[in-house]
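Next come the chains, spelled out residue by residue.
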Amino acid sequence: MIQVSNVSKSYTPESVALQPITFNIEAGEVVYIIGESGSGKSTLLKIIAGLEDADSGNVRLDDLEITGPAHNLVPGYDELAYVPQDFKLQQFWTVATNIAKKISHYPYADKMDRVEELLKLCKLEAYADRYPRELSGGQQQRIAMAAAVSDEPEVVLLDEPFSNLDLPMKAAVRKDIIGMLRKLGITVVLVSHDPAEALAVADKIIILQEGKLEQIGRPVDLYQNPTSHYAAKFLGPINELTLEKEVKLIRPEAIALDPKGKYAGKVMDCIFMGMHYHVILQSDWSRDELLIYSDQPYASGQLLKFCIR
Ligand SMILES: Nc1ncnc2c1ncn2[C@@H]1O[C@H](COP(=O)(O)OP(=O)(O)OP(=O)(O)O)[C@@H](O)[C@H]1O
């Protein structure tokens, strides 16, 4: 559905935001773009939205070639709804007006029906006549999303949509919004700083490093078979062990404390984390400290044996 082919971008000659990057997104997928700050996530999202010009390559939405502001008097496409991180609802308009103003594809007579439908979809029917300042951050986010899908785009592009919400609210708003977009069959591409969220929600994850596509794939494949330390560490804690002269990336949950274990390490620290203890070991098999999970505490200095599951 979306084909990104050899897209590159430099804002200045000395800084490369994106190196030639190629991937596909299928219709109806929820795709997370993650990576360090400055790795090119927002740039990539804006190029897909047609809001930034690429230096080379091209983006296609089925048969439609997406081009940037240099080629379009009014940048952006009806098929692709882009919601920036700092989206602003109009403070002097009611919630209903905020949504209605975004609807252009419906005849005037049907507009209020459409507003009602969208409010229902984001579970805010009772808030039609409120002003944005009377809503919580999460409710405003849901309204922004309702406005974004008001003209039935094929794709919604979201730049860090949940980053301003506190933790308990974040999970609920995310579930509502992604659920709503999935129900509508809309393809979703979003930038996030939250690997746990990407693992839980995404159909596909794209990991960027310094403008390069580091790895792309299903969450479970990326988590279990990362191709680099960078990709591995982005999705959760990772240990780098040298076993039989081979460097291996091993998740803490794949290491078991075992008195008959082949490997050993000295406890440097043991931290209670709620669900389990984080045991930090110094070991000859790892250059850096090792992280192992345990359901019981260990004293610093203790020697522990472990095996790989
Ligand atoms: N308008 C701009 N002018 C000049 N350089 C820019 C501009 N926008 C981004 N850059 C640079 O391009 C690179 C990629 O930026 P981008 O915003 O795409 O990264 P990001 O991964 O989204 O970062 P963050 O997670 O911090 O938002 C960075 O080095 C950034 O400084």
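Residues numbered from 1 in each chain as written. Predicted model: local features only at pLDDT ≥ 70, side-chain atom pairs only at ≥ 80, totals over all residues. Heavy atoms only, no water.

1. Quick look at the pairing of strand β15 (residues 277-282)
Summarising burial for β15: 5 of the 6 residues are buried, a large majority. In the sheet, strand β14 (residues 263-272) pairs with β15 via 6 bridges, with the strands oriented antiparallel. Bridging from a neighbouring strand, V267 pairs with L281 of β15. Between β14 and β15, which pair antiparallel one after the other, the connecting turn spans 4 residues, and G274 there sits at a positive phi close to 95°. Here β15 runs beside strand β16 (residues 290-294); their pairing, made up of 5 bridges, is antiparallel. Residue pairing for β16: L281 is matched across the bridge by L290. (Buried < 20%, exposed > 50% of the residue type's maximum accessible area, 1.4 Å probe, protein only. Helix = DSSP H or I, 4+ residues; strand = E, 2+ residues; numbered from the N terminus. Pairing = 2+ DSSP bridges.)

2. Brief notes about the packing of aromatic side chains
Scanning the model with the defined rule gives 4 aromatic pairs in all. When the ring of F272 is compared with that of Y277, the centres are 5.3 Å apart and the planes differ by 55°; the resulting orientation is tilted. By relative accessible area, which is 56% here, F272 ends up exposed. Ring-pair connections join several aromatic residues into one group, and the members of that group are Y263, W285 and F306. Just above the ring of Y11 sits the side chain of K9; from NZ or CZ to the centre is 5.1 Å. In this arrangement the basic side chain of K101 is found over the ring face of W93, its NZ or CZ atom lying 5.0 Å from the centre. (Phe/Tyr/Trp six-rings, centres within 6.5 Å; stacked < 30°, edge-to-face > 60°. Lys NZ or Arg CZ within 6 Å of the ring centre and 35° of its normal.)

3. Side note on the site of the ligand
Every residue close to the ligand is listed here: Y11, A17, E36, S37, G38, S39, G40, K41, S42, T43 and H193. In the model, an oxygen atom of the ligand is placed 2.5 Å from a nitrogen or oxygen of the T43 side chain. The contact in question runs from an oxygen atom of the ligand to an N or O atom on the side chain of H193, over 3.1 Å. Contact with the protein chains covers 59% of the free accessible surface of the ligand, which is 630 Å². Per element, the largest residue contribution to the shell around the ligand is 3 residues, and it comes from helix α1 (residues 41-49). (Near = heavy atom within 4 Å. Polar contact = N/O pair within 3.5 Å; in protein donor to acceptor, adjacent residues only side chain to side chain. Areas by Shrake-Rupley, 256 points an atom, 1.4 Å probe, with all protein chains shown as cover.)

4. Brief notes about helix α5 (residues 167-183)
If you check α5, its first and last C-alpha atoms are 24 Å apart, about what 17 residues at 1.5 Å a residue would give, namely 24 Å. Those residues of α5 not exposed but buried are K170, V173, R174, I177, I178, M180 and L181. Buried residues of α5, viewed axially, fall in a sector of 155°; they line one side. Counted as exposed and oriented over 90 degrees from the buried face of α5: P168, K175 and K183. Once α5 ends, the next one or two residues include G185, with phi positive near 75°. (Expected span 1.5 Å × (residues − 1). Arc of directions from axis to C-beta.)

5. With respect to the packing of helix α4 (residues 137-148) against α5
Packing of α4 against α5 brings their axes to within 10 Å, and their N-to-C directions diverge by 15°. Put simply, α4 runs roughly parallel to α5. Read as a crossing pair, α4 and α5 show a hand that is right-handed. On α5, the residues that touch G137, G138, Q139, Q141, R142, M145 and A146 of α4 are M169, V173, D176, I177 and M180. Split by residue class, the contact of α4 with α5 holds 6 nonpolar, 4 polar and 2 charged. (Axes fitted to C-alpha atoms, helices over the stretch in contact; angles between N-to-C directions. Parallel < 35°, antiparallel > 145°, perpendicular 65-115°, else oblique. Left-handed = near helix turned anticlockwise from the far one by under 90°. Contact = heavy atoms within 4.5 Å. Nonpolar A, V, L, I, M, F, W, Y, C, P; charged D, E, K, R; others polar.)

6. Side note on unusual backbone geometry
Residue D62 is not a glycine yet carries a positive backbone phi of 50°. On the basis of relative accessibility, which here comes to 42%, the residue D62 falls in the partly exposed class. The backbone phi angle of E160 is positive, close to 45°, even though this residue is not glycine. Mapping E160 onto the fold places it in the loop between β7 (155-159) and α5. By relative accessible area, E160 is classed as buried at 12%.

7. Some details on the domain arrangement of the chain
By convention, interface size is frequently given as the accessible area that disappears when the constituent parts associate. You can read the domains of the chain as domain 1 (1-79 + 185-236) and domain 2 (239-308). The partner domain 2 presents 4 residues to the 8 residues of domain 1 that form the contact. Of the roughly 480 Å² buried between domain 1 and domain 2, counting both surfaces, carbon and sulfur atoms make up 47%. Per-residue buried area on domain 1 facing domain 2 is highest for Y223, H229 and A232; these three make up 78% of the total on that side. Scanning the region where domain 1 abuts domain 2 turns up 0 salt bridges. Seen at the junction of domain 1 and domain 2, the total is 4 residue pairs in polar contact (both at pLDDT 80 or more). Looking at the side of domain 1 that touches domain 2, the elements that each hand over two or more residues are α7 (219-224) and α8 (229-234). (Domains from an automatic or database assignment. Buried area = accessible area lost by both parts, 1.4 Å probe. Salt bridge = Lys/Arg side-chain N within 4 Å of Asp/Glu carboxyl O.)

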